[in-house]
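# Descriptive structure summary
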Amino acid sequence: MFFASDNSGPVPPQVLEAMTRANAGHVAGYGADDLTLSVTRRLRDLFEAPEAAVYLVPTGTAANVLSLACLCPPYATVFCSPTAHIHEDECNAPEFFTGGAKLTLVGDSDRMTPETLRAAIEGEETRGVHGPKRGPVSITQLTERGNVYSMDELRALTSVAKEYGLPVHLDGARFANAAVRLGVTPAEMSWKAGVDICVFGGTKNGLMGVEAVLIFDTAARSSSEAVALQQKAAEFEYRRKRGALLFSKHRYLAAQMDAYLTDTLWHDLASRANARCDQLVQGLKGAGLRIVNDTHANMVFFEMSRGAHRAVMAQGADYHLWDSEDGPDESLAVARLVCDWSLSPEQVAQFLDLVRAAA
């Protein structure tokens with residue numbers, strides 16, 4: 001009954017087997033091996049983006065901050081929600097890797113709206129050299145509070161960004177879970193929706209540790225924009241090396257991603273996690289408990305008395321309270337449950353039995 005994080009689950013056997021296959025002989029390092037080149041082609045095919053620049057990095061923080069550094073000069077600002085991972089959980093890495101760019105928080109929710117984004121953009125670049133220039137818009141899909149942007153909501157945000165000539169970064173640590181929930185393709189949820197740089201997350205969806213970054217171009221772009229893409233790609237490569245994030249034995253990153261792309265494993269793993277979350281939501285609602293997040297993929301926030309939380313946790317359930325653990329038993333507290341690919345229906349049912357008994 002482990003619902004603390006989708007970072008903590010095991011690695012699927014297909015991934016371990018792929019790494020074992022890669023662990024033979026001597027091959028070129030730093031991404032010049034045949035497996036990495038093959039994975040690059042496969043990711044371009046998956047995203048329907050034959051001209052995309054594709055890079056593998058070991059962590060989600062690396063993927064986000066290297067991407068933003070390529071989009072944001074040190075005198076500009078990144079627009080993001082107050083709960084974005086780049087704001088709450090990355091120890092000022094975006095500011096560090098961009099050389100000092102600031103973050104401008106948009107609205108007071110985990111989901112930005114066109115109205116709050118427009119207001120935040122209009123509030124910057126108003127003081128000349130005394131204030132920051134407008135920079136990229138960073139969207140988290142799905143959000144750190146478990147909500148999924150609909151395709152209409154996503155397109156509305158990128159449209160506002162484009163009105164001001166601003167690039168869009170998609171933090172896709174749980175990209176697969178969101179795509180499965182929406183029933184859309186990776187292309188539809190990225191460049192076709194107006195995203196310029198996308199993180200295709202793997203670690204939270206079962207991989208040992210690898211994320212893909214895709215910098216997009218399309219045939220409709222002008223030649224000058226194609227040159228700009230090449231410059232961004234080259235910049236990413238230099239920043240990845242300078243940031244000590246270029247693996248010499250790169251084939252072990254590529255092997256994980258290769259397994260992830262084979263037989264749509266990425267989609268299967270996310271579907272399993274989402275299905276267990278659906279089971280949780282139905283059971284919690286059936287127990288009369290309030291679900292806090294409006295939409296869900298593999299993450300649900302719910303409210304229950306602290307006494308009930310304590311009783312359930314004492315029986316072995318592992319998850320986090322989002323409110324303070326202190327307080328009387330009868331007081332209500334919000335908790336977060338995150339499902340990973342390895343959770344079984346039986347484990348979820350066991351947890352729900354404990355909740356019903358305690359609530």
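Residues numbered from 1 in each chain as written. Predicted model: local features only at pLDDT ≥ 70, side-chain atom pairs only at ≥ 80, totals over all residues. Heavy atoms only, no water.

### Structural notes on the overall build of the chain
When you go through the chain residue by residue, the secondary structure sums to 13 helices and 11 strands. Relative to the 2.2 N^0.38 estimate, which gives 21 Å for 359 residues, the radius of gyration of the chain is 21 Å and therefore close to what a compact globule would have. With the C-alpha coordinates of the chain rotated into their principal frame, the extents come out at 65 × 60 × 35 Å. Burial statistics for the chain: of 359 residues in total, 53% are counted as buried. (Helix = DSSP H or I, 4+ residues; strand = E, 2+ residues; numbered from the N terminus. Rg over C-alpha atoms; globule rule 2.2 N^0.38 Å. Buried < 20%, exposed > 50% of the residue type's maximum accessible area, 1.4 Å probe, protein only.)

### Some words on unusual backbone geometry
Excluding glycine, residues mostly have negative phi values, and the peptide bonds linking residues are mostly trans. Cis peptide bonds are those with omega within 30 degrees of zero, and the linkage from glutamine 141 to leucine 142 qualifies with -5°. Summarising the element assignment, leucine 142 is placed in the loop between β4 (133-140) and α7 (151-163). In the Ramachandran plot, glutamate 125 falls in the positive-phi region, its phi being about 60° despite a non-glycine side chain. Within the fold, glutamate 125 resides in the loop between α6 (114-122) and β4.

### Details of the nonpolar core
Of all hydrophobic cores here, the largest spans 60 residues; its most connected members are Leu43, Phe47, Leu56, Leu117, Ile139, Phe200 and Met257. Considering each element in turn, this core owes the most residues, six residues, to helix α10 (residues 251-261). Look past the residues within four positions of methionine 257 in its chain and what remains in contact with it is Val39, Leu43, Leu56, Phe200, Leu207, Val210, Glu211 and Ala212. (Core = buried A, V, L, I, M, F, W, Y, C linked by side-chain atoms within 4.5 Å. Contact = heavy atoms within 4.5 Å.)

### Thoughts on the sheet that holds strand β7 (residues 211-215)
As a general point, the strands of a sheet are linked pairwise by backbone hydrogen bonds and lie either parallel or antiparallel. If you trace the seven strands from one edge of the open sheet to the other, you get β1-β7-β6-β5-β4-β2-β3, paired in mixed fashion. Both outer strands of the open sheet, β1 (53-57) and β3 (102-105), are each paired with one neighbouring strand and no more. Ignoring strand direction, the axes of neighbouring strands in this sheet form an average angle of 25°. Summarising the sheet, strand β6 (residues 197-201) and β7 pair through five bridges and their orientation is antiparallel. By the bridge assignment, cysteine 198 is partnered in β7 with leucine 214. (Pairing = 2+ DSSP bridges. Axes fitted to C-alpha atoms, helices over the stretch in contact; angles between N-to-C directions.)

### Digging into the packing of aromatic side chains
Inspection of the entire model under this criterion finds 12 aromatic pairs. With a centroid separation of 5.3 Å and 85° between ring planes, the pair formed by phenylalanine 301 and tryptophan 322 is classed as edge-to-face. Taken together, the positions of phenylalanine 301 in strand β9 (residues 299-305) and tryptophan 322 in the loop between β10 (320-321) and β11 (332-338) put the pair 21 residues apart, joining distant regions of the chain. Accessibility expressed as a relative area gives 3% for phenylalanine 301, which makes it buried. What makes tryptophan 322 partly exposed here is its relative accessible area of 36%. (Phe/Tyr/Trp six-rings, centres within 6.5 Å; stacked < 30°, edge-to-face > 60°.)

### Structural notes on the pattern of salt bridges
Throughout the structure, instances matching the rule amount to 19 salt bridges. Residues arginine 290 and glutamate 303 are paired through a salt bridge, measuring 3.2 Å at the closest nitrogen-oxygen approach. Of this pair, arginine 290 sits in strand β8 (residues 290-291) while glutamate 303 sits in strand β9, and the two are 13 residues apart along the sequence. On the basis of relative accessible area, arginine 290 is assigned to the partly exposed category, the value being 44%. Residues joined by salt bridges that share partners form a network here, namely Asp6, Glu144 and Arg174. (Salt bridge = Lys/Arg side-chain N within 4 Å of Asp/Glu carboxyl O.)

### Thoughts on the sheet that holds β9
The antiparallel open sheet is built from four strands, whose spatial order is β8-β9-β11-β10. In the strand order of this sheet, the two ends are held by β8 and β10, each with one partner. Both β10 and β11 contribute to a ladder of two bridges, which runs antiparallel. Across the sheet, residue histidine 320 finds its bridge partner in β11, namely arginine 336.

### Description of the side chain of glutamine 141
Within the secondary structure, glutamine 141 is located in the loop between β4 and α7. Ignoring sequence-local partners within four residues, the contact set of glutamine 141 consists of Asn147, Val148, Tyr149, Leu170, Asp171, Gly172, Arg174, Phe175, Ala178, Leu182 and Met189.

### Description of the packing of α10 against helix α11 (residues 265-286)
Where α10 contacts α11, the two axes come as close as 5 Å, and the packing angle between them is 75°. Accordingly, the angle class assigned to the pair α10 and α11 is roughly perpendicular. Counting all contacts with α10, which are made through Ala259, Tyr260 and Leu261, the residues of α11 involved are Leu265, Trp266 and Leu269. Split into classes, the residues belonging to the contact of α10 with α11 amount to six nonpolar, no polar and no charged. (Parallel < 35°, antiparallel > 145°, perpendicular 65-115°, else oblique. Nonpolar A, V, L, I, M, F, W, Y, C, P; charged D, E, K, R; others polar.)

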